Amino acid sequence: MSKKATAKKLRVRLVKSNSGRLKKHQACVRGLGLRRIGHEVEVIDTPAVRGMIDQVNYLLEVTEASTK
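Overview of the structure. (Residues numbered from 1 in each chain as written. Predicted model: local features only at pLDDT ≥ 70, side-chain atom pairs only at ≥ 80, totals over all residues. Heavy atoms only, no water.)

Topic: the pattern of salt bridges
Phase 1: As enumerated under the stated definition, the model contains 8 salt bridges in all.
Phase 2: Among the ionic pairs, Glu40 bridges to Arg11, the shortest N-O distance being 2.6 Å. Here the residue Glu40 occupies a position in strand β2 (residues 40–44), and Arg11 occupies one in strand β1 (residues 9–14), the gap between them amounting to 29 residues.
Phase 3: You can call Glu40 partly exposed: its relative accessible area is 27%.
Phase 4: Residue Arg11 is classed as partly exposed on the basis of its relative accessible area, which comes to 27%.
Phase 5: Each of Lys9, Arg11, Arg13, Glu40, Glu42 and Glu61 takes part in salt bridges that share partners, so that together they form one network. (Salt bridge = Lys/Arg side-chain N within 4 Å of Asp/Glu carboxyl O. Helix = DSSP H or I, 4+ residues; strand = E, 2+ residues; numbered from the N terminus. Buried < 20%, exposed > 50% of the residue type's maximum accessible area, 1.4 Å probe, protein only.)

Let's talk about the sheet that holds β1
Phase 1: Spatially, the 3 strands line up as an open sheet ordered β2-β1-β3, and their pairing is antiparallel. Each edge of the open sheet is held by one strand with a lone partner, namely β2 and β3 (60–64). With strand direction ignored, the average angle separating the axes of adjacent strands in the sheet is 25°.
Phase 2: Across 5 bridges, β1 lies against β2 in antiparallel orientation. (Pairing = 2+ DSSP bridges. Axes fitted to C-alpha atoms, helices over the stretch in contact; angles between N-to-C directions.)

The structure is reproduced here in structure tokens:
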């Protein structure tokens, strides 16, 4: 099995608007793949992704993705 198939995943949801925020924070939200309030994506848990989540944690809701 490849490493990506077994990698831990996180579900990230945008719960507050990113308009009027710092440009760096807006870029982090975009980098996570989030587009609008309520939009939810599943991302692989890496140090880079964790860093983006930590920067904009006041805009997000993060949970572990369930493995099927």
